[in-house]
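Listed below, chain by chain, are the residues.
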Amino acid sequence: MSVIYHPQKYKLEDLPMQNFIDSDEIWEILKRNENPTPERVREVIARSLDKHRLSLDETAVLINANTPDLIEEIKNGARELKERVYGKRIVLFAPLYIGNLCVNNCAYCGFRTDNKKQKRITLSSEEIRAEVEMLEDSGHKRLILVYGEHPKYDAAFIAETVRNVYSVKKGNGEIRRVNINAAPMDIEGFKVVKDAGIGTYQVFQETYDRNAYLKVHLGGKKRDYDWRITALDRAQEAGIDDVGIGALLGLYDWRFEVLGLLRHVNHFEAVYNVGPHTISFPRLKKASGFEVKPEFDVSDEEFTRLVAILRLAVPYTGMILTAREPAHIRDEVLQFGVSQIDGGTNIEMKGYSSKKDQQDLDHEQFTIGDNRTLNEVMEELLGHGYLPSFCTACYRLKRTGEHFMEFSVPGFIKRFCQPNAMLTMAEYLEDYAPAETREKGYKLIAENLKDYQDEQFREKLIDRLERVKKGERDLYF
Ligand code: SAM
Ligand code: SF4
């Protein structure tokens, strides 16, 4: 394996365990688990349903299970696991693009520095407030702020934008959790954004394969694989214990990327005693001046399969699916494992306040596949019996990181997450939903209340729901 540490550029303490991705090892694991017997595949699914985190070898068994029957069994396993661990809850959030200046040259991204057609915009403080007011008016409580990589977007700037978002209150609206997706920082920088009260710090490795990485990251700081792969370690060292990893599917073989993601999770668990909070697996989309090449294109069939495999591999890690995917794919993979989705998404700069319904790729990063409003997404979720949640309780009660893990066990979800989903959904139904959605929502809440055998607890929950109806806000367990 190549040496990837550059002593002239970094201090060793900035790059803990930098060698944890070994391409040869990953390919070897995939190879030695080729053509698994149906019994072996079933054994692995059963192990996951027994709530064990799968090893790399076990995950490779699922990846190599290629017959339609076995794939269906994997999907059924993921469905069952999702029901058992997460219940019917789906957390909703929205992305907010703060600035598209970028010094990097990622071949696939509309914001790349070489893309002269892209109109460069950085939202002013007032413009951010206008966007947030629109998002609050639609019912959102959780945002992820997204930034290009540029000297202007340093840690102090990011922290300021986060504080700005938290300060916007309109009617009963407020943003209770601000996550960020921004370029890797040094430890000092991460401390600055942590102090602004961010929820999750999210950064995607894009591809875990070093050569594929170099092929598409053509210039700028992002070209440095090592700086990026160690970003979340620096975040941890700075005290951010709530982090999100991801791979951009379509840059390299998806089988490899699934094991790369898992290796990244292992690294976190080994070093920090806590896995990442979330995993993202965006599929590459058309961007201004960029068409997806078929070479590593991930088909719908492969995509839905890999979501199910990831669910089984890491039963307790949140999985995020975004509006990059069209509604029918979103609806399918919600069944086997996704725990968070965005709704009412607009990724155009100043897009929420300008209310344009056509995408303009010169104003944004890539094409989205699902442009339904938040209420349309809510309707769809309710129609399938899901409990949409805007809950932010764990983060605000400091139930994150290592401490969060102890809560991520059966029982906790039922006693905390599910009731909090109902309480935040009731807020939505009261403040933002049309009458028809309100009716459907309360019907679903009533059905879910029947699941609570503990009379005392149910009474407590009903009492809080009544208080929400009477106008109290922000009640949670
Ligand atoms: N600039 C920062 C960075 O690159 O990490 C953060 C924001 S970047 C706008 C967020 C993510 O968008 C990237 O990590 C990448 O995975 C994703 N992305 C970029 N171009 C894309 C495309 N054409 N289709 C789908 N996702 C894309
Ligand atoms: Fe810049 Fe991020 Fe886009 Fe790369 S993916 S060009 S770093 S905004």
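See the structure printed just above.
Residues numbered from 1 in each chain as written. Chains lettered and ligands numbered in written order. Predicted model: local features only at pLDDT ≥ 70, side-chain atom pairs only at ≥ 80, totals over all residues. Heavy atoms only, no water.

(A) Quick look at the side chain of T437. By secondary structure assignment, the location of T437 is in helix α19 (residues 435–449). Look at T437 and you get buried, because its relative accessible area is 0%. Leaving out residues up to four positions away in the same chain, T437 has contacts with N375, E379, L382 and L429. (Helix = DSSP H or I, 4+ residues; strand = E, 2+ residues; numbered from the N terminus. Buried < 20%, exposed > 50% of the residue type's maximum accessible area, 1.4 Å probe, protein only. Contact = heavy atoms within 4.5 Å.)

(B) Broad picture of the pairing of strand β1 (residues 89–99). Extensive coverage of β1 is indicated by the burial of 11 of its 11 residues. Here 3 bridges tie β1 to strand β11 (residues 387–389), and the two strands are oriented parallel to one another. Bridging from a neighbouring strand, V91 pairs with S389 of β11. Bridge count for β1 against strand β10 (residues 340–342) is 3 bridges, and the pairing is parallel. Bridging from a neighbouring strand, F93 pairs with D342 of β10. Inspection of the sheet shows β1 paired to strand β2 (residues 142–147) by 5 bridges, in the parallel sense. (Pairing = 2+ DSSP bridges.)

(C) How the structure looks around helix α20 (residues 455–469). The first and last C-alpha atoms of α20 sit 21 Å apart over 15 residues, in line with the 21 Å expected at 1.5 Å per residue. Taken together, the buried positions of α20 are F457, L461, R464, L465 and V468. All buried residues of α20 lie within an arc of 100° about the axis, which places them on one face of the element. Next to the buried residues of α20 lie α18 (412–431) and α19. Its side-chain oxygen placed 3.1 Å from the backbone nitrogen of Q456, D454 serves as the N-cap of α20. Just past α20, the residue G471 takes up positive phi, approximately 120°. (Expected span 1.5 Å × (residues − 1). Arc of directions from axis to C-beta. Polar contact = N/O pair within 3.5 Å; in protein donor to acceptor, adjacent residues only side chain to side chain.)

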